[in-house]
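Each chain is listed here by its residues.
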Amino acid sequence: MKLITSLALLVISAGFIESCYGYTFYVGGKDGWVLDPRESYSHWAERNRFQVNDTLVFKYKKGLDSVLVVDEEAYNKCNKSNPEETLNDDNPVFKFKRSGPFFFISGHDEKCENGEKLIIVVMAVRHHIPIVNSTTAPPTPAPVRAPELAPAAVLQTTDGAKVHAPAPAISGVTPTGSVGLISSLGFCLILVLKDIF
């Protein structure tokens, strides 16, 4: 019983630790937050998978640009008058605290109107709850099938523009805090083994 409880605590700890970390994305890649990036912002966003706790870094020269977090209507009209948030520090960072769509526009003269804007769809959080203190034998696992790729969703904005939402990632990946995650998991494993032996 002590072994089951210890292993359950290890699994719960690992899930909690992993959910605290996220990836850091540099908007526009090497180009940064500029008027004419080599790769369009929509294409850049489509090829990435964004999750809660991920962060965006907007690279630009301070004083030459800014980033406004706006609603969909302000995004479509490049309306800079009432942003939800203004990011105007040197290389500002924005952290996703919820799932759903996020709309970013340039706060500098005419840049939004000329295409410096970005929509990101953050995937929903999925929680896995382990079974603890089960007295029955676990069910026999089903045969393993190759994973199928989920199609990307196509969202339509109020002005008729189509935005491709990323499909959920199939394989697991290591968060930016992997060193912290690995060392924390190692520490948890040591505690579990110490209690067992």
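Use the structure listed above.
Description of the structure in this document. (Residues numbered from 1 in each chain as written. Predicted model: local features only at pLDDT ≥ 70, side-chain atom pairs only at ≥ 80, totals over all residues. Heavy atoms only, no water.)

1. As for the overall build of the chain
Each helix and strand in the chain was counted, giving four helices and nine strands. Counting helices and strands in the order they occur from the N terminus, the chain gives α-β-α-β-β-α-β-β-β-β-β-β-α. A burial count over the chain gives 33% of its 197 residues as buried. In the chain, of all internal contacts separated by at least 6 residues, the share reaching a separation of at least 24 is 70%. (Helix = DSSP H or I, 4+ residues; strand = E, 2+ residues; numbered from the N terminus. Buried < 20%, exposed > 50% of the residue type's maximum accessible area, 1.4 Å probe, protein only. Contact = heavy atoms within 4.5 Å.)

2. Observations concerning the side chain of S106
Position of S106 among the secondary structure elements: in strand 6 (residues 100-106). For S106, a relative accessible area of 0% gives the class buried. Side chain to side chain, S106 and D65 meet in a polar contact 2.6 Å long. A polar side-chain atom of S106 sits 3.2 Å from the main-chain amide nitrogen of H108. Not counting the four nearest positions on each side in its chain, S106 is found in contact with W33, D65, S66, K80, K111, C112 and E116. (Polar contact = N/O pair within 3.5 Å; in protein donor to acceptor, adjacent residues only side chain to side chain.)

3. Digging into the pattern of salt bridges
The tally for this structure, following the rule as stated, stands at five salt bridges. Between K111 and D65 there is a salt bridge whose closest N-O contact spans 3.5 Å. Of the two residues, K111 is situated in the loop between strand 6 and strand 7 (117-122) and D65 in the loop between strand 2 (55-57) and strand 3 (67-70); the sequence distance between them amounts to 46 residues. Neither K111 nor D65 differs from the other in exposure class; each is buried. (Salt bridge = Lys/Arg side-chain N within 4 Å of Asp/Glu carboxyl O.)

4. Focus: the pairing of strand 7
In terms of burial, strand 7 is a largely internal element, five of the six residues being buried. The pairing of strand 6 with strand 7 spans six bridges and is antiparallel. Paired with F102 across the bridge in strand 7 is I120. (Pairing = 2+ DSSP bridges.)

5. Quick word on the pairing of strand 6
Of all seven residues in strand 6, six are buried, a share of seventy percent or more. Examined bridge by bridge, strand 3 and strand 6 share four bridges and lie antiparallel to one another. Bridging across to strand 6, V70 finds its partner in F103.

6. A closer look at the sheet that holds strand 7
Strand order in the open sheet made by the four strands is 4-3-6-7, with antiparallel pairing throughout. In this open sheet, the two strands that pair with only one neighbour each are strand 4 (85-87) and strand 7. This sheet shows a mean twist of 25° between the axes of neighbouring strands, independent of strand direction. (Axes fitted to C-alpha atoms, helices over the stretch in contact; angles between N-to-C directions.)

7. So, the environment of T24
Tracing the sequence through the fold places T24 in strand 1 (residues 24-26). Through-space distance from the C-alpha of T24 to that of V57 is 7.1 Å; in sequence the pair is 33 residues apart. A polar atom in the side chain of T24 sits 3.2 Å from the side chain of T55.

8. Let's talk about the state of the cysteines
Taken as a whole and judged by the stated rule, the model has one disulfide. Between the sulfur atoms of C78 and its disulfide partner C112 the distance amounts to 2.1 Å. Its torsion about the S-S bond being -75°, the disulfide of C78 and C112 is classed as left-handed. Of this pair, C78 sits in the loop between helix 3 (72-77) and strand 4 while C112 sits in the loop between strand 6 and strand 7, placing them 34 residues apart in sequence. On the accessibility criterion, C78 (8% relative accessible area) is buried. Residue C112 is classed as buried on the basis of its relative accessible area of 1%. (Disulfide = S-S within 2.5 Å.)

9. Brief notes about the nonpolar core
L56, F58, F104 and L118 are the most contacted members of the largest nonpolar core, which totals 21 residues. For this core, the secondary structure elements donating two or more residues are helix 2 (41-46), strand 3, strand 6 and strand 7. Once residues within four sequence positions are removed from consideration, F58 is found in contact with V27, W33, V67, L87, N91, P92, F94, F104 and L118. One finds L68, A74, C78 and C112 within the second-largest nonpolar core, a separate group that totals nine residues. (Core = buried A, V, L, I, M, F, W, Y, C linked by side-chain atoms within 4.5 Å.)

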